Structures are given as C-alpha cells and as structure tokens.
There are 2 protein chains.
Amino acid sequence: MPLQFATRLNNVETSAIRELFKLLGKPGIISFAGGFPDSAMFDVAGIKAAADAALTEEPGGALQYGATEGYEPLRQQLAAFMGTKGVEVAPDGLIVTTGSQQALDLLGKTMISPGDKVIVEGPTFLATIQCFRLYGAELVSAPIDAHGVDTEQLEQLIVEHKPKFVYLIPTFGNPSGALLSLERRRKVLELAVKYQTLIVEDDPYGDLYFDPASPPPRSVLSLSKDLPGSREWIAHCGSMSKVLSPGLRVGWMIAQPELLAKATMCKQFSDAHTSTFAQATAAQYLKAGRMPATLANVRKVYGERARVMGAALTRELGDAVEFTQPQGGLFFWARLTGKGGKVKDAGEFAKRAIEQGVAFVPGAPFYAKDPDVSTFRLSFATADVGKIEEGVGRLGKAA
Amino acid sequence: MPLQFATRLNNVETSAIRELFKLLGKPGIISFAGGFPDSAMFDVAGIKAAADAALTEEPGGALQYGATEGYEPLRQQLAAFMGTKGVEVAPDGLIVTTGSQQALDLLGKTMISPGDKVIVEGPTFLATIQCFRLYGAELVSAPIDAHGVDTEQLEQLIVEHKPKFVYLIPTFGNPSGALLSLERRRKVLELAVKYQTLIVEDDPYGDLYFDPASPPPRSVLSLSKDLPGSREWIAHCGSMSKVLSPGLRVGWMIAQPELLAKATMCKQFSDAHTSTFAQATAAQYLKAGRMPATLANVRKVYGERARVMGAALTRELGDAVEFTQPQGGLFFWARLTGKGGKVKDAGEFAKRAIEQGVAFVPGAPFYAKDPDVSTFRLSFATADVGKIEEGVGRLGKAA
C-alpha cells in the first residue's frame, strides 16, 4: 500500500517551469529564465564583516533560539529602514520571516480556510499561486496592464467574490514588471476600506528602481497614512532577497497587531523562528550603513542591463513582440504579436529558443486562470550586457 | 468588522507555558524551564571559522537562492554524519529543513487531512501537538514509561485508530527524557510493517548521551536495516539545534523518495529553501571535523549537570517526587507523589516555586489528552552546577 498523502496536495501540480529548467544544463545556453539576482552583485565583504560582528558582539543571541517574532536588533533596523521609505512602524509592528515566501505561507495558514476566495493579479508570482492553493484557496485573477492591476475590474471582482484578501505586487511585479500608478494605489486603499478587505502588498522589488531621480510611487502601506482607517487593511511583505542576498532568507511582514499575533503563532509551529544567525548578520549589515551604497550599485547595474535588453528586443524582434520598458525590478514581460508570420505561442517560442541556445519562461504558468499563451518573461538580472545582446540575437532567430 | 481568520486556528490555543515564561523576568530567578541548550557551550570560534570559509570558498552558493531540497555540500556532509551513526543514506535520500520544527510542519502539510488521526506519545513535544492540530489532526495519546512508548498499547491504538502516522521521540524524549528500549524499537519496526503505518522518529537528542561507554540503542531508522521492508515506513528527523546551535535553524529529514518529493514541494511554497548561508556554514563546520570534539564536550557538561540535579532532587525532595535518572538529553521528567503532605499538583507547585525563586514547566500541556497534572519537567541544560544545587534547594522549600 502506498502512502496516502493529504488531500490538499491535490490542489497543486508540479510546475511546468521546473520541467523547462531541466533544459538549462545544455552547454553554452544563455539564460533569461531565472528569477534571482546576480551573485556577482552580492556585497560579500560587507556580509562577511556583518557575520563576523554578529558572532563577535552577540554570539549568544546569534546562535541561540530566539523570539518567533524576530531578533530584536533586526526588528529595530528594519523599522528604521522602512522609515527611510516613508513607513512609520515600531519594531514590534513587524515580524521577521524566513524570506518573504514564508510571509505568504503564514498569510495562507492564518487566513485561508478551504474554499475561500483570494484575488491575485493575472499574471502573478508563481509560488504565490501554489502556496495559497495548498491552503485550499480558490484563486480569482484580476487583469493588469502596464500600470498594474485594473482597479475598476478589481472592485467588481471584490464585490462579486468577497475575497479573504487581495494579493498584489504593486511595484515592478513578477512576472509583469508593471508599476501600479499612484492614482490606482490610492484607489486600492479606498477599496480596502470600502469593502473591509485585506490587501497584501508584496514588495520585494520596490528598492530596485533604475532612475534615482524618478523613484516609483510610495508603497501602498506608506500611502495609507493619507487615508484614515486604511492602514489596518494592509499587510506589507518586504525582503532582503533581491537587494542584498536571497541566501540569508530574511523577509518581514508589517500588519495590524491581531494578524501579526496569529501569524506569529503559526510561525512558531512552522520553523520556531528565522535563523538568528542570518538575522543578526542582516542587523549588523544594516547597522553598518552599507545598504545605501548597495542599493545604488544594484540600481545602476540592473538599470543598464534593462536598457540594453529593451534596445536589443526592439532591434532584433521588431513588431513581433510588444512590451513596456520596465523602470525597475528584474523582468521584461512581453507578448508575441504573430506579426510578419512570426511565432505567436510562447511555449513553442521557448522550445525554438532553447534550440538556438537561449532560455526564458513562457507566461502561461503565471496565470491562476485563463492564461495568455502569447506572453513570456525575460530576466535581465543575471546575464551581463554582452550576453544580453547575444541572447536577444538568438531570440530573433527563434521567433 | 474584524478580520476573519482561517478555521484551522480554532484547533490551537495560546500555550499555557508562554504565560509562565512571562514570569521568568523576575530578578534572581533560577530557571529549569527552558528547552534550549546552554549558549556558553556553543563553539563560537568553530562556527565563525566555518562561516568565514563558506563566504570565502563559495560566496555565490552561500548567498544565492538554492535548491529546495538543500545545499548539496551540506547534504553530503549530513549523509556522512548519519553514516557514523549506523544509517546508510545517500545525499539525495535526505532534505534539509529549517530546524527539525519545519520537518514536523512539512510532515503535517504533506500527510494530514483534516480529521486524520495521528498517534503521539503522552507526554510529547508541545510544539508537535500544536503543529499537527493546525493541519486538522486528531491526536491520540499513547502511554509511555521510563523505557519509552508502551508498544503493546501502541499496537492496540494503531489497530483502533488507523493513524496517518505515529510520532515518537525514541531517544531522550522531550519532555520525558525516556529512552526507548532496543526490544521496543524492534517492535515499533514490526508494527510499521505489519500495519503499513508511517513512523516519524524525531531525534534531536540522540547524540546527547552522557556515558560514552554506554551509548543508547541505535535509532529506529538505523535498526530498520535488520527488518526487510521496514525502512520505507520510517521518516527520521535530525537537527543541529541541540548539539551545535539552534540559531542556524538546520535540521533534516530522511524518508522514502515519494514522501521526500512531496515534502520538498510543500517546502518550496513554505520558505523556498533553508538559509543557504546557514547551510554552507553547517557544511563547513562538519567538513572541518570539529563535531566529535563538540559532542564530547556537551556530553560531559550536560552529564555532570544531570548527575548533580538527580542527587539534589533525591536529597531535597525525597519521596515527594518520583523520577528516572536520564541517561542523556536535556530533561528530568518527574511526578509529585503527595507523600508526607507535600504538594501533588504541579501547577500549584510551579506557582510556589516561582515565589521561592525557581522556575520549571508543569507537565499537563505536554499531553495531547488526559494530562497527568502531578508531572513536571526540569531542564538541567542552562544552569551551572552551583545554580542547580541552589535551585533544587528552593524546590525543596516549595514542595
């Protein structure tokens, strides 16, 4: 008799992307498929100094069990860091999570009963879809454009489905790269209050804008101070993964006290607490004041790569693709037009691209419902500008 | 309108122990309440060297996203470490978890549908009870004695309840300190095969035996090699927390391939992966060969503390308490007899003890059902021998 697994596993399936990733081992392939930052950008010296300081100044704290809510010195540093981004929050107004993926898991565990509706963007982060489905959520997909989620349609969907919460990546979304406009951000806050609906703002990319003179609108959480009564309806997830290091697995969540308390209880039985060693290292890194220079560096390098990729796409693929040039984040989101007799199905395009020696991810798996099979995602984060030029040239041959 | 939380939260309650822990801040209190190792025992120099080596030799791997299954060099080191303990396992026969607490969470997520039965020891690890209940498990409590779970009664309970799995801490259980006998270990394996029932062997304390000349019986997983067909029914959870450092949050699980694959999928959506920084540090620590000396040191120090506590309990409390001297682990498990007109309720005893300046944990919360309110747990891990003598003296006054 084989093992009988939990029924919740019937709600998820092995990712189509995983199958594609197996092909990435092919020699000489240029990959635009990943969703991760460039290892070459990590401030290894800074992290090494921070880890050393953590083990020298506070070895007991860094190596012992810690509070489920998070390591106090890190909570203080994160509260100050959020302050620089227009969010007033006390250290006990946030909890530390094992990457922001765990914040999503805790929101699922804390909020979702089987059969509950959750509204997500279409397309949205793949691991969010599966994470919430494991808790029995029925996902509703809200359409987006280059300015983020369509708030008129979002309002209709909230009215129709009465969701447990709405999950958005307002700033440089994955996979969309879209930036929710200031006007729509304010509208989202109004909807939260009007319908007493929790809004989850996932913000791993908000610091990764390319033009320091033209930062994106403030976060939905930050804007909540302009609308009385709205803040309690926002749960904001942050992360060190895209700007400093994913390997630390340090994220955080800011939310109203009751939700934080319930999420903390769930976290206690999920992993007790996030690695105090990683937390103390992150705290020392922030305390050392290295973050501004790190952010300036990643903005400059990723910004250049994005510009090179955009120009190459226009040059090599012309009107065979449509896309909006991203102003931040890690991704281009593009659509095959089929013009000039070129390929229109992104799955077929991905296969031909692999034959030409370049990889990317088709867009369909990023939709909870009704996928647009002509879409695809390109990451410009991990290839240098020379490889980007060459890779997009190969895409031109594959189209 | 307040937030509506998930129905699964109705299955758990705030721990009674948490309330007690709030009293620990009282000045001058001697605490036997904790469940953690002594920070003073951490090999800080060794961990610092390991972290430095990880960031020097493999900065990309240590700071980047990693495979959900675990960081390959650590899986290799853990496979070799398990080999020294009589378990043959390939690196891909285990997954790394964020502490062994996460292994329990993944077992819950992977295996438990709401209403499923799970058999645990009475008493058992408190966070296990709550963790499984959050997934909707109905817990069945199997009685134990100083030699661990009563396998005759366990068989009856398996027949009666057809559990999804049986959860045991066979070696120096928390809170019981009990050591499952070799004979019973073999019986557990027979039951697993006979009833095709998964046995979860949680083994965070197995390396913490006090007499190097007289180690405990081999793990149930190790013994499975003597009974054909039994190994596939064992899921074994290990941890670095009690012997090296809880703050790393590095645990692991060994199980049959299908269960590991499903647990890995669940982990992908729980925290993506365990901190690669912590994993690379643990891998370097094991590679450096420091573990044998670290183990020898903790065995010696905790062994002495256990001997001192046992002698003091006998001297100060006499026949007012019953206990079995532990041969390893971190805990004494004791029962108030009420003899000589002494206190018989451990909750009342705990209150009086706090007044005398010493803290411990009453036993009732460790039972999933039918608590024995005369029981209590004493940790000898974090107080030195002087404090142990003084603290037990205070217990004598409180009894």
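Residues numbered from 1 in each chain as written. Chains lettered and ligands numbered in written order. Predicted model: local features only at pLDDT ≥ 70, side-chain atom pairs only at ≥ 80, totals over all residues. Heavy atoms only, no water.

Looking at an unreviewed UniProt entry, chain A carries the name PLP-dependent aminotransferase family protein, with the source organism given as Caenimonas terrae. Under the heading Cofactor (unreviewed entry), UniProt records this for chain A: "pyridoxal 5'-phosphate". (UniProt positions renumbered as here; feature names shortened; annotations may be inferred.)

Colleague: Explain the overall build of chain A to me, please; I cannot follow it from the model alone.
Modeller: A tally of helices and strands in chain A yields 14 helices and 14 strands. Taking 21 Å as the expected radius of gyration for a compact globule of 399 residues, we find that chain A reaches 21 Å, a close match to that expectation. Structurally, chain A occupies a C-alpha span of about 60 × 60 × 50 Å along its principal axes. Within chain A, the proportion of its 399 residues that are buried is 63%. Within chain A, counting contacts between residues at least 6 apart in sequence, those at least 24 apart form 74% of the total. Working note: accessible area of chain A is about 14000 Å², and carbon and sulfur atoms make up 52% of it. Of note, chain A has its 42 positive side-chain charges centred 3 Å away from the centre of its 43 negative side-chain charges. (Helix = DSSP H or I, 4+ residues; strand = E, 2+ residues; numbered from the N terminus. Rg over C-alpha atoms; globule rule 2.2 N^0.38 Å. Buried < 20%, exposed > 50% of the residue type's maximum accessible area, 1.4 Å probe, protein only. Contact = heavy atoms within 4.5 Å. Areas by Shrake-Rupley, 256 points an atom, 1.4 Å probe, with all protein chains shown as cover. Lys, Arg positive; Asp, Glu negative; His and termini not counted. Charge placed at Lys NZ, Arg CZ, Asp CG, Glu CD.)

Colleague: Looking at this structure, I do not really get the environment of Leu-227 of chain B. What am I missing?
Modeller: Residue and element names in this part refer to chain B. Relative to the helices and strands, Leu-227 is located in the loop between α9 (220-223) and β8 (234-239). When the C-alpha positions of Leu-227 and Glu-190 are compared, they lie 7.8 Å apart, and in sequence the two are 37 residues distant. With near-sequence residues (within four places) excluded, Leu-227 lies in contact with Leu-189, Glu-190 and Val-193.

Colleague: Where do I start with the interface of chain A and chain B in this structure?
Modeller: It is common to give the size of an interface as the accessible area that goes away when the parts come together. Taken residue by residue, the interface counts 75 residues in chain A and 75 residues in chain B. Across the chain A to chain B interface the summed buried area is about 6300 Å²; carbon plus sulfur atoms make up 63%. There are 2 salt bridges connecting chain A and chain B. For Asp-105 of chain B, the salt bridge identified is with Lys-109 of chain A, shortest N-O distance 2.6 Å. (Buried area = accessible area lost by both parts, 1.4 Å probe. Salt bridge = Lys/Arg side-chain N within 4 Å of Asp/Glu carboxyl O.)

Colleague: Teacher, can you tell me more about the sheet that holds strand β7 (residues 198-202) of chain A here?
Modeller: Whenever strands of a sheet pair, they do so through backbone hydrogen bonds, lying parallel or antiparallel. Residue and element names in this part refer to chain A. Here we have 8 strands laid out as an open sheet, ordered β2-β9-β8-β7-β6-β3-β4-β5, and mixed in their pairing. Strands at the two margins of the open sheet, each flanked by one partner only, are β2 (94-97) and β5 (148-149). Bridging between strand β8 (residues 234-239) and strand β9 (residues 251-254) involves 4 bridges; their strand directions are antiparallel. Within β9, the residue paired with His-236 across the bridge is Ile-254. Helix α5 (residues 99-111) contacts β2, β6 (165-168), β7, β8 and β9 of the sheet and is inclined by roughly 155 degrees relative to β8. Contacts between helix α7 (residues 151-161) and the sheet are confined to β3 (117-122), β4 (138-145), β5 and β6, with β4 contributing the most and set at about 165 degrees to the helix. (Pairing = 2+ DSSP bridges. Axes fitted to C-alpha atoms, helices over the stretch in contact; angles between N-to-C directions.)

Colleague: Looking at this structure, I do not really get the relation of the copies chain A and chain B. What am I missing?
Modeller: After a rotation of 180 degrees and a shift along the axis of 0.0 Å, chain A superposes on chain B with an RMSD of 0.0 Å. What the rotation and shift describe, once combined, is the action of a two-fold rotation axis. When the interface residues of chain A are mapped onto chain B, 100% of them are again interface residues, pointing to one common binding face. (Least-squares fit on C-alpha atoms with pLDDT ≥ 70 in both.)

Colleague: What's the story with unusual backbone geometry in this structure? I'm lost.
Modeller: Outside of glycine, negative phi angles account for most residues, and trans bonds account for most peptide bonds. Cis geometry is adopted by the peptide bond preceding Pro-123 of chain B, which originates at Gly-122 of chain B and carries an omega value of 10 degrees. Examined against the element boundaries, Pro-123 of chain B turns out to sit in the loop between β3 (117-122) and α6 (126-134). Of note, the bond from Asn-174 of chain B into Pro-175 of chain B is cis; its omega dihedral lies within 30 degrees of zero at 10 degrees. Looking at the element boundaries, Pro-175 of chain B is found in the loop between β6 (165-168) and α8 (182-195). The phi dihedral of Gln-196 of chain A is positive, around 50 degrees, even though this residue is not glycine. You can see Gln-196 of chain A is positioned in the loop between α8 (182-195) and β7.

Colleague: Hey, could you run me through the domain arrangement of chain A in this one?
Modeller: Residue and element names in this part refer to chain A. For chain A, the assigned domains read domain 1 (7-42 + 293-398) and domain 2 (44-291). Relative placement of domain 1 and domain 2: their C-alpha centres are 25 Å apart. Facing the 34 residues of domain 1 at the interface are 36 residues of domain 2. In total, about 3200 Å² of surface goes out of reach between domain 1 and domain 2, with carbon and sulfur atoms giving 64% of it. At the surface where domain 1 touches domain 2, the tally comes to 0 salt bridges. Between domain 1 and domain 2 we count 15 residue pairs in polar contact (both at pLDDT 80 or more) in total. If you list the elements that add at least two residues to the side of domain 1 that touches domain 2, you get α12 (291-317) and β11 (331-336). A class-by-class count of the residues in the side of domain 1 that touches domain 2 yields 20 nonpolar, 9 polar and 5 charged. (Domains from an automatic or database assignment. Polar contact = N/O pair within 3.5 Å; in protein donor to acceptor, adjacent residues only side chain to side chain. Nonpolar A, V, L, I, M, F, W, Y, C, P; charged D, E, K, R; others polar.)

Colleague: For this particular structure, what's the right way to read the environment of Gln-102 of chain B?
Modeller: All names here are of chain B. Looking at the element boundaries, Gln-102 is found in helix α5 (residues 99-111). On the accessibility criterion, Gln-102 (3% relative accessible area) is buried. A C-alpha to C-alpha distance of 15 Å links Gln-102 and Lys-242, two positions 140 residues apart in sequence. Within polar-contact distance, the side chain of Gln-102 engages the side chain of Asp-271 at 3.1 Å.

Colleague: Hey, could you run me through the packing of aromatic side chains in this one?
Modeller: The geometry of two aromatic rings is summed up by the distance between their centres and the angle between their planes. On inspection of all chains with the given rule, the structure shows 25 aromatic pairs over all chains. Seen from their ring centres, Tyr-205 of chain A and Phe-331 of chain A are 6.0 Å apart, and the 80 degrees between their planes marks the pair as edge-to-face. With a gap of 126 residues between them, Tyr-205 of chain A in the loop between β7 and α9 (220-223) and Phe-331 of chain A in strand β11 connect regions that are remote in the sequence. A residue is classified by how much of its surface remains accessible, and Tyr-205 of chain A, at 3% relative accessible area, is buried. In textbook terms, an aromatic cluster arises when at least three aromatic residues are bridged by ring pairs, as seen for Phe-210, Phe-323, Phe-332 and Phe-380 of chain A. Sitting above the plane of the Phe-5 of chain B ring, Lys-262 of chain A keeps its charged end 5.4 Å from the centroid. (Phe/Tyr/Trp six-rings, centres within 6.5 Å; stacked < 30°, edge-to-face > 60°. Lys NZ or Arg CZ within 6 Å of the ring centre and 35° of its normal.)

Colleague: Quick question: what am I supposed to make of the sheet that holds strand β14 (residues 375-379) of chain B here?
Modeller: Residues and elements named next belong to chain B. The antiparallel open sheet is built from 4 strands, whose spatial order is β10-β11-β14-β13. The strands lining the two open edges of the sheet, one partner per strand, are β10 (321-323) and β13 (361-362). Sheet analysis places strand β11 (residues 331-336) next to β14, joined by 5 bridges and oriented antiparallel. Note on β14: the bridge partner recorded for Arg-335 is Thr-375.

Colleague: Even after reading the chapter, I still don't get the packing of α5 of chain B against α6 of chain B, so can you show me in this structure?
Modeller: Two numbers describe a pair of packed helices, the interaxial angle and the distance between the axes. All names here are of chain B. Their axes nearest at 9 Å, the elements α5 and α6 cross at an angle of 30 degrees. Relative to α6, the element α5 is oriented roughly parallel. Relative to α6, α5 is oriented so that their crossing is right-handed. Packed against α5, whose contacting residues are Gln-101, Leu-104, Asp-105 and Gly-108, the element α6 presents Ala-127, Thr-128, Cys-131 and Phe-132 at the interface. Its residues placed into classes, the contact of α5 with α6 shows 4 nonpolar, 3 polar and 1 charged. (Parallel < 35°, antiparallel > 145°, perpendicular 65-115°, else oblique. Left-handed = near helix turned anticlockwise from the far one by under 90°.)

Colleague: How should the side chain of Ser-224 of chain B be read in this particular structure?
Modeller: Residues and elements named next belong to chain B. Looking at the element boundaries, Ser-224 is found in the loop between α9 and β8. The class for Ser-224 is buried, based on a relative accessible area of 4%. At 2.5 Å, the side chain of Ser-224 and the backbone oxygen of Leu-221 are in polar contact. Every residue in contact with Ser-224, bar those within four places of it in the chain, is listed here: Leu-189, Ser-230, Arg-231 and Ile-234.

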